[in-house]
Amino acid sequence: MATGHLYVTRDLGPEPMRILRNSGRELVVHPDRDLPPTRDDLLNGVSGAAGIITLLTEVMNAELFDRAGPQLQVVSAVSVGTDNVDVEAAASRGITVTNTPDVLTDATADLAMGLLLALNRRIVEADAFLRSGEAWSWGPRLFLGRDLAGEVLGIVGYGRIGEAIAKRARAFGMRVVAAGSGRTANGGVERMPLSQLLATADVVSLHAPLTAQTRHLIDAEGIASMKPGAVIINTARGPLIDEDALVEALKAKRIRGAGLDVFENEPLIHPGLLELNNVVLTPHIGSAGEQTRTSMALLAVKNALAVLDGQPPLTPVNG
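Residues numbered from 1 in each chain as written. Predicted model: local features only at pLDDT ≥ 70, side-chain atom pairs only at ≥ 80, totals over all residues. Heavy atoms only, no water.

Asker: Lay out the layout of surface pockets in plain terms, naming residues and giving numbers.
Answerer: Here the second largest pocket is characterised by a volume of approximately 270 Å³. Leu 119, Arg 122, Glu 125, Asn 277 and Asn 278 are the residues nearest the centre of the second largest pocket, which is lined by 16 residues in total. With 3 residues, the single largest contributor to the lining of the second largest pocket is helix H5 (residues 105-120). For the lining of the second largest pocket, the class distribution of residues is 6 nonpolar, 5 polar and 5 charged. (1 Å grid on protein atoms, 1.4 Å probe; cavity = no way out; pocket = protein on both sides within 12 Å on 5 of 7 lines; lining within 4 Å. Points joined across faces, edges and corners; volume = space filled by probe spheres on them. Helix = DSSP H or I, 4+ residues; strand = E, 2+ residues; numbered from the N terminus. Nonpolar A, V, L, I, M, F, W, Y, C, P; charged D, E, K, R; others polar.)

As structure tokens, this is what we get:
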């Protein structure tokens, strides 16, 4: 059994915390449930730790691993993406990195479809209009939006979540095409290069991981190649899109709208996005179903405890 405490960067909810407290291990838990630890708090908290359970808001890099010490065995991320973790630096120190795939697939696909519906049917605009108290009467052009049936959904990154949103989109009568690495497209999903997808799709939905190669995957040139009247949805990672280029295109109405759950400089929001009514914004809630978040936390807890008990983790990223 590993020596050293288990550092948890945020309260994970009743059931996951109960399991941790009953594990017999010394726990150090960041006391603020709503805000992440500062960098100094984080470095002090991990010092001497055998394991870390972290959220996507904390940067896990060589500095932190060295501060923790040679007894650190596992970094268990409560997320699918591990772009906040220097996986190579961890591996070079013999630290296992784990994540939580699968459990948030449906919740994230649901939100992507929700953003698409909100954009196409102008739900947020219509709600704000009624709340404004402005006098109105029904008319055939009032908040006229776009039907989903018959439109082309382009999925960039056809993994588990991409596959799940394809299933939902087909139920709405959409044609689905896909680009990027991932699963073999089936069920009528046509694979094509990204450039062709951007020129073809009425809706572009991003589900790729954030890597050095995918940062600004959708840049000014890519946005310019999109169909006039197209919309873009991002429930993956903010830096996949060049937000300066996106704001410029939205203001010029070269594309019709955007639904964003993630942001390039999160938690900061590009001020240009906040000024636009053809944008729907949510604060990184793709996995924010109650059951989903609990399942993610439980998997992260099981991964951490398995490694500390000398057992293989359930969902390793490295090793």
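Back to the write-up after that little detour.
Asker: Now, about the side chain of Glu 243: what can you tell me, with residues and values included?
Answerer: Looking at the element boundaries, Glu 243 is found in helix H10 (residues 243-251). For Glu 243, which is buried and forms no salt bridge, the nearest opposite charge comes from Arg 215, at a distance of 10 Å. Polar contacts involving the side chain of Glu 243 include one to the main-chain amide nitrogen of Glu 264, which spans 2.8 Å. When residues no more than four places from it in sequence are discounted, the contact partners of Glu 243 are Val 262, Phe 263, Glu 264, His 270 and Leu 273. (Buried < 20%, exposed > 50% of the residue type's maximum accessible area, 1.4 Å probe, protein only. Lys, Arg positive; Asp, Glu negative; His and termini not counted. Salt bridge = Lys/Arg side-chain N within 4 Å of Asp/Glu carboxyl O. Polar contact = N/O pair within 3.5 Å; in protein donor to acceptor, adjacent residues only side chain to side chain. Contact = heavy atoms within 4.5 Å.)

Asker: So what about the packing of H5 against helix H7 (residues 160-171)? Which residues, and what values?
Answerer: Closest axis-to-axis distance for the H5/H7 pair is 9 Å, and the angle between their directions is 50°. What the angle tells us is that H5 and H7 run oblique. Like other packed secondary-structure pairs, H5 and H7 cross with a definite hand, here right-handed. Every residue of H7 that contacts H5 at Thr 105, Asp 106, Thr 108, Ala 109, Asp 110, Ala 112 and Met 113 is listed here: Arg 160, Ile 161, Ala 164, Ile 165, Arg 168 and Ala 169. Residues that form the contact of H5 with H7 fall into these classes: 7 nonpolar, 2 polar and 4 charged. (Axes fitted to C-alpha atoms, helices over the stretch in contact; angles between N-to-C directions. Parallel < 35°, antiparallel > 145°, perpendicular 65-115°, else oblique. Left-handed = near helix turned anticlockwise from the far one by under 90°.)

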